[in-house]
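Residue-level structural notes
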Amino acid sequence: MIESEMRKLDPEELINLSETNTSDFRWNRSNIYKVAFEKYEKSGERDKAEDLRKEILIFDLSTRNTPKKRFDSMMSGTTDNGEEWKYPDLEKHFPKEAIEYYKNRANVTNNPILKARYSDVIWELDRDVDYARLAVSAYLDCCPIYFTNEWDHELADSLGRAIAIASMIKDQSLIDKSLKKHYEFIKQLVEKRRLRYLLEIIESILNWEKKIGEQIDYEYLISIIEAAITDYVLNIPDSFHLQRSFLELLVKIWQIRKNEDERQKIKIRIAESFIEEAEWKKVNYPNGNMVAASFYEKALQAYMDLGNFPEKVQELKVKIQEANEAALKTEYETISAELRLPREVTDEFLRMYEGRETIEIFKIMSLDVNLIPSYEEAKQEAIEQAKQFVFQHIAPLSLMKGNICVKHISEEGEKLEYDTILNFQMRYRIIASMLLSEIFTLLEKEHPKYIDSLTQYLSSSGIIDDKRIEIIKHGLRAYEKKEYVAAIHILVFQIEGVLRDLLGKLGLSTFSYRNNEMRERMLSDILATLSQIEGIDKDFLKFIEIFLCDIRGDNYRNEIAHGLLSLEDFTKENAQLLLLILIQLASYSIVKKDK
């Protein structure tokens, strides 16, 4: 019934409608009381309006299918003053007099839907066992109503809640009655081929196996589950998720029955189901290869969890790579945009560098805040983007490197951090192409032999050891000859060495100790440790991390180390970023402070 029709009725007719109607108002029974409340309030009948306020509150509670907490607030938030609020508020809106009102209503109503709600709220808030028993009986009385209405979600919920309360109060008669109803409606749902909520109903039985284990007909449940899986396979092609959900019930049954061999067989069927889904979606879905790769990955994880399937694991790794390669060819698009700074802006920036000696230029570069972006500003930008593009922010994503997915990003905080890294990365790339390159162009023009001066500048640093300088010189000479592949291979690892040496100069360990083995500390670990040291610029360390060793960023050091880059990745721009890191590192000195 729509609201406009309800408004034609007087309050008593509305209340009677709620008392007698069990086929409508599936989601919005409180709307009846809200309309009646407005009418009583308008007529000045405050006592009756207050009674209806109690009805509105109890039917506006949200429900959970957990034994620990059945009811919760429908909504919550924070006021402009920073105060938290909830509606309905279980602590404020349900005082003792409200509980007494609900007890009376539970005893006088003949509508099992109303009786179940009143009695269950009383049981949860007041722990009155009499009303727990009343709630169980009411929920079971609701089941045939829900079945007739084809409200299978509510049917499964009522069965589950009935056996849960009966088990909590240890009433064997009600437990037996609830279990019998479970089997009764499993049979009826199967006859009607309404199979979806068999999952919840069978799980409800299994959840209480410690109390009813001897009464559970496992063979019957297994046959029902297998029949449901077969039905989905034959009649609903894209039902793999539901098939696996039923298979998980079989896993639980064999675990309860302590039959590891049968449990293992079902786990294999689940793994194979992921492969079947991948193959089906590859053919039937838009961007099918991209989708298939994610399901092959789930199959891979399933087989790895099982163990002892090395050939299957290898086969799936190949399938993942093949699917990703196919997706890269036909399903991914490259989006590019050209950014340019007005020439007058670049010229204004270069004025601080023009006409200066090379060593002076390097010193300015080491202090120039324009050359390293702010991580905090990148984060604030990501927060604003999340507010502006809500769906884009909450949608999960897969981070691809070549033909493999290296990371799945789905959690809100994780997504925000990734967006921050993207913003930061974009900023230092813009700086490199529009500002840093201009500085090096200026050096080449005004000081053709500036590499000699750069060697001298780095050698004068107290941070970089003489032995390491000798290696760095080879990288600088290669850069000078435009041999960027050689230059980058040398410089990137010497930067890591300089940072590790810096730990030693600060009196910190340069190795990790694990499983009775010592290993040199990884670059990410070095940077995390240095970020705790006072005086080292945090944005500078973030830049090194994202550029060199964060898989969500360029990850340049690791990509080089594992031979994953193409020739076109060894660019002059990347070499100049490495030079900038060395120039800024060389500017640091260690000063011991008094305790």
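Before reading on, note that the structure itself is shown above.
These lines cover the structure that appears in this document, whether it is placed above or below. Just so we're clear, the structure is a prediction, and the values are computed from it rather than from any experiment.

Here the focus is helix 17 (residues 343–350). Among the residues of helix 17, those classed as buried are T346, F349 and L350. The buried residues of helix 17 all sit within an arc of 95 degrees when viewed along its axis, so they share a single face. Turned more than 90 degrees away from the buried face of helix 17, the exposed residues are E344 and E348. In this structure, the buried side of helix 17 is in contact with helix 21 (412–446).

A word on the pattern of salt bridges. Tallying each qualifying case throughout the model produces 60 salt bridges. D128 is paired through a salt bridge with K103; the nearest N and O atoms lie 3.4 Å apart. Taken together, the positions of D128 in the loop between helix 6 (112–126) and helix 7 (129–149) and K103 in helix 5 (residues 96–108) put the pair 25 residues apart, joining distant regions of the chain. Given a relative accessible area of 12%, K103 falls into the buried group. A salt bridge links D554 to R429; the nearest nitrogen and oxygen atoms lie 3.2 Å apart. Placement of the pair is D554 in the loop between helix 26 (538–548) and helix 27 (556–561) and R429 in helix 21, with a sequence separation of 125 residues. For D554, a relative accessible area of 19% puts it in the buried group. It is possible to trace a salt-bridge network through shared partners that takes in R70, D120, E124, D157 and R161.

Our next topic: helix 23 (residues 466–480). Helix length check: helix 23 (15 residues) gives 21 Å between terminal C-alpha atoms against 21 Å at 1.5 Å per residue, within 8%. Within the span of helix 23, buried status applies to R468, I469, I472, G475, L476, A478 and Y479. Buried positions along helix 23 lie against helix 21, helix 22 (450–459), helix 24 (484–505) and helix 28 (572–586). At the exit of helix 23 stands K482, carrying a positive phi of roughly 65 degrees.

Moving on to the packing of aromatic side chains. Going through the model one piece at a time under the given rule, you end up with 24 aromatic pairs. Three or more aromatic residues joined by ring pairs form one cluster here, namely Y33, F59, F94, Y101, Y102 and Y118. We note R70 situated over the ring of F71; from NZ or CZ to the ring centre the distance is 5.9 Å. Against the face of F147 rests R194, its NZ or CZ located 4.4 Å from the ring centre.

The subject of this paragraph is the state of the cysteines. Counted under the stated rule, the structure contains zero disulfides. As a non-bridged cysteine, C142 has C143 as the owner of its nearest cysteine sulfur, 7.0 Å distant. With relative accessibility at 1%, the residue C142 sits in the buried group. With relative accessibility at 0%, the residue C143 sits in the buried group.

Moving on, we come to the pairing of strand 5 (residues 397–401). Bridge count between strand 5 and strand 6 (residues 404–409): five bridges; the pairing is antiparallel. Counterpart to K401 in the pairing with strand 6 is I404. Linking strand 5 back to strand 6 in an antiparallel pair, the connection comprises two residues, with G402 at a positive phi of about 65 degrees.

Together, M74, M75 and W85 make up a nonpolar patch on the protein surface, roughly 280 Å² of accessible area in all. M74 gets classed as partly exposed once you look at its relative accessible area, which sits at 40%.

Attention shifts here to the layout of surface pockets. Here the largest pocket defines a volume of roughly 1400 Å³. The set of elements that each furnish at least two residues to the lining of the largest pocket consists of helix 19 (375–388), helix 20 (390–394), strand 5 and helix 21. Here the residues of the lining of the largest pocket sort into 18 nonpolar, ten polar and seven charged. Ranked by residues supplied to the lining of the second largest pocket, first place goes to helix 8 (residues 152–168) with five residues. Taken together, the residues of the lining of the second largest pocket break down into 14 nonpolar, seven polar and ten charged.

This part covers the pairing of strand 7 (residues 511–514). Note that strand 7 and strand 8 (residues 517–520) share four bridges and pair antiparallel. Bridged to F511 within strand 8 is E520. In textbook terms, the turn of a hairpin is the stretch between consecutive antiparallel strands, and for strand 7 and strand 8 this stretch comprises two residues, one of which, N515, has a positive phi near 55 degrees.

This next bit is on the packing of helix 21 against helix 28. Two elements in contact, helix 21 and helix 28, have axes whose closest approach is 10 Å; the angle formed by their N-to-C orientations is 80 degrees. By the criterion of interaxial angle, the relationship of helix 21 to helix 28 is roughly perpendicular. Between helix 21, through Y428, R429, A432, S433, L436, S437, F440 and E444, and helix 28, the contact on the second element is made entirely by K572, E573, N574, Q576, L577, L579 and L580. Here the residues of the contact of helix 21 with helix 28 are counted per class, giving seven nonpolar, four polar and four charged.

Moving on to the nonpolar core. A general feature of soluble globular proteins is that nonpolar side chains tend to end up buried together. Counting 104 residues, the largest nonpolar core has Y102, I202, L221 and F246 as its most contacted members. For this core, the element with the highest residue contribution is helix 7, accounting for eleven residues.

The next thing to look at is the environment of F37. When you line up the elements, F37 lands in helix 3 (residues 30–43). For F37, a relative accessible area of 12% puts it in the buried group. When the C-alpha atoms of F37 and P237 are compared, they prove to be 49 Å apart, with 200 residues separating the residues in sequence. Once residues within four sequence positions are removed from consideration, F37 is found in contact with A49, L52, R53 and I56.

Attention shifts here to the packing of helix 24 against helix 28. Where helix 24 meets helix 28, the axes come as close as 10 Å, and the angle between the chain directions of the two elements is 30 degrees. As far as their axial angle goes, helix 28 and helix 24 are roughly parallel. At the point where helix 24 passes helix 28, the crossing takes the left-handed sense. Judged by residue contacts, Y484, I488, L491, V492, I495, V498 and L499 of helix 24 engage K572, N574, A575, L578, L579, I581, L582 and L585 from helix 28. Looking at side-chain class alone, the contact of helix 24 with helix 28 contains 13 nonpolar, one polar and one charged residues.

Cut-off values and rules
Residues numbered from 1 in each chain as written. Predicted model: local features only at pLDDT ≥ 70, side-chain atom pairs only at ≥ 80, totals over all residues. Heavy atoms only, no water. Buried < 20%, exposed > 50% of the residue type's maximum accessible area, 1.4 Å probe, protein only. Helix = DSSP H or I, 4+ residues; strand = E, 2+ residues; numbered from the N terminus. Arc of directions from axis to C-beta. Contact = heavy atoms within 4.5 Å. Salt bridge = Lys/Arg side-chain N within 4 Å of Asp/Glu carboxyl O. Expected span 1.5 Å × (residues − 1). Phe/Tyr/Trp six-rings, centres within 6.5 Å; stacked < 30°, edge-to-face > 60°. Lys NZ or Arg CZ within 6 Å of the ring centre and 35° of its normal. Disulfide = S-S within 2.5 Å. Pairing = 2+ DSSP bridges. Patch = residues over 30% accessible without salt bridge, like charges linked within 9 Å, V, L, I, M, F, W, Y side chains within 5 Å. Areas by Shrake-Rupley, 256 points an atom, 1.4 Å probe, with all protein chains shown as cover. 1 Å grid on protein atoms, 1.4 Å probe; cavity = no way out; pocket = protein on both sides within 12 Å on 5 of 7 lines; lining within 4 Å. Points joined across faces, edges and corners; volume = space filled by probe spheres on them. Nonpolar A, V, L, I, M, F, W, Y, C, P; charged D, E, K, R; others polar. Axes fitted to C-alpha atoms, helices over the stretch in contact; angles between N-to-C directions. Parallel < 35°, antiparallel > 145°, perpendicular 65-115°, else oblique. Core = buried A, V, L, I, M, F, W, Y, C linked by side-chain atoms within 4.5 Å. Left-handed = near helix turned anticlockwise from the far one by under 90°.

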